[in-house]
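# Coordinate inspection notes
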Amino acid sequence: MSVGTALPLASDGATSRGAAGGTRTHCPYCSLQCGMTLVGQRRTTVEPWTEFPVNEGALCRKGWSATGLLGHRERLTTPMVRDRSTGEWSGVTWDEALDLVARRLREVQAGHGPDAVAVFGGGGLTNEKAYQLGKFARVALGTSQIDYNGRWCMSSAASASTRAFGIDRGLPFPLADVEQADVVVLVGSNLAETMPPAARHLDRARENGAQVVVIDPRRTATAERADVVLQPVPGTDLALALGVLHLLIAGGHVDEAYVAGRTTGFEAVRESAAAWWPERVERVTGVAASELRALADLLADRERVMVLTARGAEQHAQGSDTVLAWIDVALALGMPGRQYAGYGCLTGQGNGQGGREHGQKADQLPGYRMIDDPAARAHVAAVWGVEPDSLPGRGRSAYELLDALGTPGGPRAMLVHGSNIVVSAPRATHVQERLEALDLLVVCDLVMSETAALADVVLPVTQWAEETGTMTNLEGRVILRQQARPAPEGVRSDLDVIAGLAARLGSPIDFSTDPEEVFAELGRASAGGKADYAGITYDRIRAEHGVFWPCPSPGHPGTPRLFADSFATPDGRARFHAVDHRGPAEVVDADYPVHLTTGRVLAQYQSGAQTRRIADLPDDGAFAEMHPLLAGRLGVADGMPVTVRTRRGEIRVPARVTTTIRPDTVFVPFHWLGVNRLVNDALDPASRMPEFKVCAARVEAA
Ligand SMILES: Nc1nc2c(c(=O)[nH]1)N[C@H]1C(S)=C(S)[C@@H](COP(=O)(O)OP(=O)(O)OC[C@H]3O[C@@H](n4cnc5c(=O)[nH]c(N)nc54)[C@H](O)[C@@H]3O)O[C@H]1N2
Ligand SMILES: Nc1nc2c(c(=O)[nH]1)N[C@H]1C(S)=C(S)[C@@H](COP(=O)(O)OP(=O)(O)OC[C@H]3O[C@@H](n4cnc5c(=O)[nH]c(N)nc54)[C@H](O)[C@@H]3O)O[C@H]1N2
Ligand code: SF4
Ligand SMILES: [Mo]
């Protein structure tokens, strides 16, 4: 097992070279995983990779400036240990750091049992890292306590897709299929800012005559490219979907042959939708009955309707039911499985898709297998070379895990790989207290993130261009990020950290640090599972612009489109689900009369740990977007400070006054520490997704 320091640059033979002589790789950020060419090993620049079909050479400004974090002065290059009494950091060698961490983990487990150590992963990790992390938790640590930040991302859509279709792949078709649709409905997606090169496909769809519908409480940059814009009250998308179903059923627009031949459960939906007549929907959603009718008319009797959800619809305590209701709409129209039509979820993080397939999730093993399924345990244990009975069971979901830290019976030590929890978790003040209650917090990161700053030990890891690994993009396309330059001296990959700790913990099995070797093992572990990677190799990915899973054997072409003949359920039929609108967990009242929603801006990524450090990206800080009517009532003008308060905390930010938002709603981006101190920690009962997208707030001039 090699636990070397700086990784040598892979030989030319192992990387594929772009036209400019650079290395073909992919952006470090979102799930579009735009192809790019990196040129130069010392001063690395970004050049287009025009042949890669998803983005065709286009990048957003985050992609163009991504090399700004290579060789950055704030880059961590030495393992650091913090003295809790003085708060001072000191640099240590890798051996000292790994010895210390392993010793303390063993102490915690000796005193409190295996589950006293938790692991928190990330949807930005490569498939290889996600896979090794899940195996490390279950085998080297023997803990059930592992989950990851993807729980806050698309878990509601994942849960709904699994229930409706028997499988969860963000888009069951290539993104470019959007161009051939007749109607594209975007529910809670601002893709013009969150995956800008994807907007080209929407624009082409419109050039081809398609109608684009955007449903969002704000008239976003995406809405600017749409034909129909509906601005519902945050947290009411479920009622809206039921209203659409009601009208489709009443108007006789249900594809009865499809419903009879390819689905089950429609009768119950017919009943539940009956209660959602347009005027009732208008009262709940704020969308006029006439607008709802116009939407239903637009969808009725079309050849190809595509419904795509994103975090606006999903990050709610009823997020999975909301997705189920929109899937019901797509099924009633007979769309899923039809070419250039159907339902899809726009996943978020770079490896939002793959990150949830290989065992980082509390209830899953590689290949999207369930950890409490005896056959799944037997298969994976055999690949790992351990006894099935030695594998722990289900652990806690991300927020529940954080909530339990340092409590009686909860974990007392945690390893974090790839998440800046303090900024991105809901009810963040409470979460920070839980992190501070731990006996040991270890964070692996590139930079001293807000979460790393709370740790006892920080381990500096390689980033995208300095290492090789696969990612699975929003289409289920497995792509290869190739190393383009050597890692800085002193920095190691997460794979090295995992292997080094596993050896020190006396793991019964070895952990490889070679990504290609790990990928081959991941392929075997996933074989026969839903997300089957067994036939995918690095060479195939290079040659084919990525390979779509499932790809069960070397001769299999991969599966760009799912569901043409059958769904992944036991009987091959899709399931309708009769769901009802409950509304947000916290409703507005006289004390907290405004809906607070949160989300993203184009120039920043997530917790901002990476993008706030990139000089070429504007870093203006958080703001509270509000309508002039609300601003007028508060007596504030654009740019003036306001206090946004919820039952959990308050922040002071400048007002950004704009007519594009509903007058009863305030929007604050979450890229800067603060707004998550306000956000509610109510969870979706099925997906355990926190309600990031709506809570009750009071806004005042500060
Ligand atoms: N620039 C940038 N791009 C990113 C990221 C980033 O941080 N920055 N992150 C990546 C990740 S991990 C993700 S998950 C994706 C997220 O991508 P999106 O889901 O597109 O992003 P958000 O801004 O979180 O939410 C989308 C929209 O939901 C709206 N919304 C709020 N509440 C509601 C509601 O109740 N109903 C409806 N229908 N809409 C509502 C917001 O106004 C917002 O415009 O972006 C990815 N791309
Ligand atoms: N209010 C509100 N909160 C939200 C959301 C929202 O819409 N509103 N959205 C939620 C969503 S969808 C998401 S995805 C989460 C994301 O929130 P986070 O989980 O905080 O995501 P990032 O900011 O991407 O954090 C990644 C961290 O890992 C580091 N990192 C990058 N690559 C690697 C690597 O290879 N290895 C290691 N060890 N570290 C690495 C980065 O420097 C960074 O510190 O936020 C959620 N929080
Ligand atoms: S859209 Fe996403 S993957 Fe593409 S360049 Fe921007 S951040 Fe990177
Ligand atoms: Mo996300």
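The structure reproduced in this document is the subject of the present report. Not measured: the values here are computed from a predicted model. Residue numbering note: each chain is counted from 1, following its sequence as written. Written order decides the labels, with chains lettered from A and ligands numbered from 1. This being a predicted model, a pLDDT of at least 70 is required before a residue's local features are given, and a value of 80 or more before pairs of side-chain atoms are given or counted; all residues contribute to the totals for chains, interfaces and linings. Calculated side-chain values reflect all of the structure's heavy atoms, with hydrogen atoms and water omitted.

What the chain contains, in helices and strands, is 21 helices and 28 strands. In this setup the radius of gyration rests on C-alpha atoms only. A globule is expected at 2.2 Å times the number of residues raised to 0.38. The C-alpha atoms of the chain give 24 Å as radius of gyration, which agrees with the globular expectation for 702 residues (27 Å, within 12%). Its C-alpha atoms give the chain principal-axis dimensions of about 70 × 65 × 55 Å. When burial is assessed residue by residue, the chain has 64% of its 702 residues classed as buried. Computed with a 1.4 Å probe, the accessible areas rest on the Shrake-Rupley method; for each residue, only the protein chains presented here act as cover. For the chain, the exposed surface amounts to about 22,800 Å²; the carbon and sulfur share of it is 49%. Every helix listed is a DSSP run of H or I at least four residues long, and every strand listed is a run of E at least two residues long, numbered separately from the N terminus. Residue burial is assigned from relative accessible area. The probe radius is 1.4 Å, only protein chains are included, and a residue is buried under 20% of its type maximum, exposed over 50%, and partly exposed in between.

For this purpose, a residue is taken to be near a molecule or strand whenever a single non-hydrogen atom of the residue falls within 4 Å of it. Of all residues adjacent to ligand 1, which total 32 residues, the nearest are Thr194, Asp216, Arg600, Gln604 and Gln606. In this structure, a nitrogen atom belonging to ligand 1 sits 3.0 Å away from a side-chain N or O atom of Lys62. For the purposes of these results, a polar contact is taken to be a pair of N or O atoms within 3.5 Å, where, inside protein, one atom must be able to donate a hydrogen and its partner to accept one; residues adjacent in sequence count only when each atom of the pair is a side-chain atom. Between an oxygen atom of ligand 1 and a side-chain N or O atom of Arg218, the distance comes to 2.8 Å. Out of a free accessible area of 910 Å², ligand 1 has 99% covered by protein chains. Method remark: on a 1 Å grid restricted to protein atoms, a set of points is classed as a cavity if a 1.4 Å probe fits but cannot get out and as a pocket if it is open with protein on both sides within 12 Å along at least five of seven lines; lining residues have an atom within 4 Å of a point. Those molecules having more than half of their atoms within 2 Å of a cavity or pocket grid point set are described as sitting in that cavity or pocket. Counting atoms within 2 Å of the grid points, the majority share of ligand 1 lands in the second largest cavity. When residues of the shell around ligand 1 are traced back to their parent elements, those giving at least two are helix 5 (191-194), helix 12 (311-314) and strand 23 (594-599). When grouped by side-chain class, the residues that make up the shell around ligand 1 number nine nonpolar, 15 polar and eight charged. Residues were grouped as follows: Ala, Val, Leu, Ile, Met, Phe, Trp, Tyr, Cys and Pro as nonpolar; Asp, Glu, Lys and Arg as charged; and all remaining residues, including Gly, as polar.

With that out of the way, let us pick up the sheet that holds strand 10 (residues 228-230). Spatially, five strands are ordered 10-9-8-12-13 in an open sheet, and the strand pairing comes out parallel. Lying at the two open borders of the sheet, with one neighbouring strand each, are strand 10 and strand 13 (342-345). The mean angle between the axes of side-by-side strands here comes to 15°, regardless of whether they run parallel or antiparallel. A pair of strands counts as paired when DSSP detects no fewer than two bridges linking them. With four bridges connecting them, strand 12 (residues 305-309) and strand 13 associate as parallel partners. Bridge pairing in strand 13 places Val307 opposite Tyr343. Axis geometry follows a simple rule: fit a line to the C-alpha atoms, using only the stretch in contact for helices, then measure angles between N-to-C directions, giving values from 0 to 180 degrees.

A few words now on the site of ligand 2. Close to ligand 2 lie 30 residues; Asn149, Ser419, Ser424, Asp445 and Ser607 are nearest. Between an oxygen atom of ligand 2 and a side-chain N or O atom of Asn149, the distance comes to 2.6 Å. In this structure, a nitrogen atom belonging to ligand 2 sits 2.9 Å away from a side-chain N or O atom of Thr598. For ligand 2, the accessible surface in isolation is 920 Å², of which the surrounding protein chains cover 96%. Spatially, ligand 2 is embedded in the largest cavity. A per-class count over the shell around ligand 2 returns 11 nonpolar, 14 polar and five charged.

Bringing the nonpolar core into the picture now. The set of buried Ala, Val, Leu, Ile, Met, Phe, Trp, Tyr and Cys residues whose side-chain atoms join them within 4.5 Å is what this entry labels a nonpolar core. By size, the foremost hydrophobic cluster in this structure holds 173 residues, and its most contacted members are Phe136 and Trp326. By definition, residues are in contact when any of their heavy atoms lie within 4.5 Å. Contact partners of Trp326, with chain neighbours within four places excluded, come to Val185, Val187, Ile215, Asp237, Leu240, Ala241, Val244, Val307 and Thr309. With 27 residues, the next largest nonpolar core counts Leu402, Val431, Val443 and Val679 among its residues.

Turning our attention to helix 18 (residues 494-504). Because an α-helix completes one turn every 3.6 residues, residues spaced three or four positions apart along the sequence face the same direction. Buried residues dominate helix 18, accounting for nine of its 11 residues. Listed as buried for helix 18 are Asp494, Leu495, Asp496, Val497, Ile498, Ala499, Gly500, Leu501 and Ala502. Those residues of helix 18 that are buried lie in contact with helix 2 (94-112), helix 3 (127-141), strand 16 (413-417), strand 17 (440-445), strand 18 (457-460) and helix 19 (515-526). Capping of helix 18 at its N-terminal end is provided by Ser493; its side-chain oxygen lies 2.9 Å from the backbone amide nitrogen of Leu495. Where helix 18 ends, the next residue or the one after it, Gly506, has phi of about 70°, a positive value.

Before going further, it helps to spend a moment on the packing of helix 10 (residues 278-285) against helix 11 (residues 289-299). Look at helix 10 against helix 11: their axes get within 8 Å of each other, and the N-to-C directions meet at 115°. In terms of orientation, helix 10 and helix 11 fall into the roughly perpendicular class. For the pair helix 10 and helix 11, the crossing hand works out as right-handed. Counting all contacts with helix 10, which are made through Pro278, Glu279, Val281 and Glu282, the residues of helix 11 involved are Ala289, Leu292 and Arg293. Broken down by class, the residue content of the contact of helix 10 with helix 11 amounts to four nonpolar, no polar and three charged. What sets the label is the angle itself: under 35 degrees gives roughly parallel, over 145 gives roughly antiparallel, 65 to 115 gives roughly perpendicular, and the rest give oblique. If you view the pair so one helix is near and one far, a crossing is left-handed when the near helix is turned anticlockwise from the far one by less than a right angle, and right-handed when it is turned clockwise.

Looking at helix 11, one finds that the buried residues are Ala289, Leu292, Leu295, Ala296, Leu298 and Leu299. Looking one or two residues past helix 11, Asp301 carries a phi angle of roughly 60°, positive in sign.

Glancing now at the sheet that holds strand 2 (residues 35-39). Two orientations exist for strands paired in a sheet by backbone hydrogen bonds: parallel and antiparallel. One open sheet holds the three strands; their spatial order is 1-2-3, and the pairing between them is antiparallel. Each edge of the open sheet carries a strand with a single partner, namely strand 1 (23-26) and strand 3 (45-48). Going from strand to strand, the sheet's axes swing by 45° on average, the running direction of each strand aside. Note: strand 1 against strand 2, four bridges, orientation antiparallel.

This next bit is on the side chain of Ser687. Looking at the element boundaries, Ser687 is found in the loop between strand 27 (665-669) and strand 28 (695-701). What makes Ser687 buried here is its relative accessible area of 2%. In this structure the side chain of Ser687 is engaged in a polar contact, spanning 2.9 Å, whose partner is the side chain of Ser156. Every residue in contact with Ser687, bar those within four places of it in the chain, is listed here: Arg151, Ser155, Ser156, Ser159 and Ser320.

Moving on, we come to the pairing of strand 6 (residues 117-121). Residues in a regular strand project their side chains so that they alternate between the two faces of the sheet. Burial analysis of strand 6 places five of its five residues in the buried class, the great majority of the element. The two faces of strand 6 match: Val117, Val119 and Gly121 on one face and Ala118 and Phe120 on the other face are all buried. One ladder, built from three bridges, connects strand 6 with strand 7 (residues 146-148); its direction is parallel. In the sheet register, Gly121 faces strand 7, and the bridge partner there is Tyr148. What joins strand 6 to strand 7 is helix 3, and the crossover it makes is right-handed. Consider the strands pointing away from the viewer: the crossover is right-handed when the path from the first strand over the helix to the second runs clockwise.

Grid points are joined across faces, edges and corners, and a volume is the space filled by probe spheres set on the points. In this structure the tally under the stated criterion is seven cavities of 30 Å³ or more. Counted as a void, the largest cavity has a volume near 770 Å³. Considering the residues around the largest cavity, the lining is formed by 40 residues, among which Asn149, Gln349, Gly418, Tyr605 and Gln610 are closest to the centre. Of all the secondary structure elements, the ones that give two or more residues to the lining of the largest cavity are strand 17 and strand 23.

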